[in-house]
Amino acid sequence: MNDALSVEGAADDYENCLKQLIKNGVIAVSPVTGFPKFDLMLLGMGPDGHIASLFPGHPIVNENQKLVTCVKDSPKPPPERITFTFPVINSSAHIALMVTGAGKAGAVHKALSGNESSSDLLPVEMVEPQDGEMTWFTDKPAMSMLSRI
Ligand SMILES: O=C1O[C@H](COP(=O)(O)O)[C@@H](O)[C@H](O)[C@H]1O
């Protein structure tokens, strides 16, 4: 990313780079979603259930046009970040979600207990591959609030 630009400019610049790579045939496009299809999206998750820089309750979790967007008020430092959007993340061929430690157990429980309403989803619950597959990589502390492990 170009950190000489504003955060909005850096997000637009990154998106334009992706579009150029798509145009040149370097990055494929998902026939299912029309968004770029990365071979592998390696994600972590914060204790609040955020992934990438898509934080709970932030309007950019609903971005459905852009490939890359920005946050200027991230609850976790640094406050200014750029991030892939959900349509890009969910178009990946493989999503690997690496979640370890007891601090993540509450969000893991919410994400995997399956009784949430759709209006109350954590970002991690919005990771839903449309044209691929997803694998969780966890440890026992992260899974400690699940009843069957
Ligand atoms: O701020 C962030 O934190 C999460 C979690 O990081 P971890 O070091 O506790 O695994 C990370 O997945 C995310 O990409 C980043 O924006």
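Just so it is clear, the structure is predicted and the values come from calculations on it, not from any experiment.

S.K.: Quick question: what am I supposed to make of the nonpolar core here?
M.R.: One broad trend across soluble globular proteins is that nonpolar side chains are buried collectively. One finds I51, V68, F84, I89, A107 and V124 to be the most contacted residues of the largest nonpolar core, which totals 28 residues. Of all the secondary-structure elements, those providing two or more residues to this core are α1 (7-23), β4 (68-71), β5 (81-84), α2 (86-89), β6 (94-99) and α3 (105-113). With residues near it in sequence (within four places) discarded, V124 still touches M45, G49, I51, A107 and A111.

S.K.: Which parts of the structure should I look at to understand the sheet that holds β6?
M.R.: Hydrogen bonds between backbone groups are what pair the strands of a sheet, and the pairing can be parallel or antiparallel. Judged by pairing direction, the sheet is parallel, and its 3 strands sit side by side in the order β3-β6-β7 without closing on themselves. The two strands at the open ends of the sheet, each matched to only one other strand, are β3 (40-43) and β7 (133-138). The mean angle between the axes of side-by-side strands here comes to 15°, regardless of whether they run parallel or antiparallel.

S.K.: Would you explain unusual backbone geometry in this entry?
M.R.: For residues that are not glycine, phi is negative in most cases, and the peptide bond is trans in most cases. In this chain, P77 is followed by P78 through a cis amide linkage whose omega measures -5°. Positionally, P78 belongs in the loop between β4 and β5. For A52, which is not glycine, the phi torsion reads 50° and is therefore positive. As for its position among the elements, A52 is in the loop between β3 and β4. Classification of A52 by C-beta neighbours within 10 Å gives buried; the count is 21.

S.K.: What should I look at first to understand the site of the ligand in this one?
M.R.: For the ligand, the full set of nearby residues is G44, M45, G46, A52, S53 and K76. Looking at the shell around the ligand residue by residue, the classes come out as 2 nonpolar, 3 polar and 1 charged.

S.K.: Would you take a moment to explain the pairing of β5 for this structure?
M.R.: In β5, alternate side chains face the same way, and those of R81 and T83 on one face and I82 and F84 on the other are all buried. Here β4 pairs with β5 via 4 bridges, running antiparallel. Each residue of the ladder has a partner; that of C70, found in β5, is I82.

S.K.: Looking at this model, I keep getting lost on the confidence of the model for the protein chain. Mind explaining?
M.R.: For residues with low pLDDT, the predicted coordinates do not support detailed interpretation. A residue-level look at the protein chain finds 97% of positions with pLDDT of 70 or above and a mean pLDDT of 95. Predicted complex metrics record ipTM = 0.91 and pTM = 0.95.

S.K.: Can you walk me through the pairing of β7 in this structure?
M.R.: It is a general feature of regular strands that their side chains alternate between the two faces of the sheet. Counting buried residues in β7 gives 0 out of 6 residues, a small share hidden from the surface. For β6 and β7, the ladder comprises 6 bridges, and the chain directions are parallel. Bridge pairing links M98 to F137 in β7.

S.K.: So what exactly am I meant to see when it comes to α1 here?
M.R.: For the α-helix, the turn length of 3.6 residues means that residues three or four positions removed from each other point alike. The terminal C-alpha atoms of α1 lie 24 Å apart, and with 17 residues this matches the ideal 24 Å at 1.5 Å per residue to within 8%. Backbone geometry just downstream of α1 places G25 in the positive-phi region, at approximately 80°.

S.K.: Please clarify how α3 should be interpreted in this entry.
M.R.: A107, V108 and A111 are the residues of α3 that are buried. Taken around the axis of α3, the buried residues stretch over an arc of 100°, which confines them to a single face. Residues of α3 that are buried in the fold lie against β6 and β7. Positive backbone phi, at 75°, marks G114, one or two positions downstream of α3.

The rules we used
- Residues numbered from 1 in each chain as written.
- Predicted model: local features only at pLDDT ≥ 70, side-chain atom pairs only at ≥ 80, totals over all residues.
- Core = buried A, V, L, I, M, F, W, Y, C linked by C-beta atoms within 7 Å.
- Buried ≥ 20, exposed ≤ 12 C-beta atoms within 10 Å, placed from the backbone.
- Helix = DSSP H or I, 4+ residues; strand = E, 2+ residues; numbered from the N terminus.
- Contact = placed C-beta atoms within 7 Å.
- Pairing = 2+ DSSP bridges.
- Axes fitted to C-alpha atoms, helices over the stretch in contact; angles between N-to-C directions.
- Near = placed C-beta within 6 Å.
- Nonpolar A, V, L, I, M, F, W, Y, C, P; charged D, E, K, R; others polar.
- pLDDT = per-residue confidence, 0-100.
- Expected span 1.5 Å × (residues − 1).
- Arc of directions from axis to C-beta.

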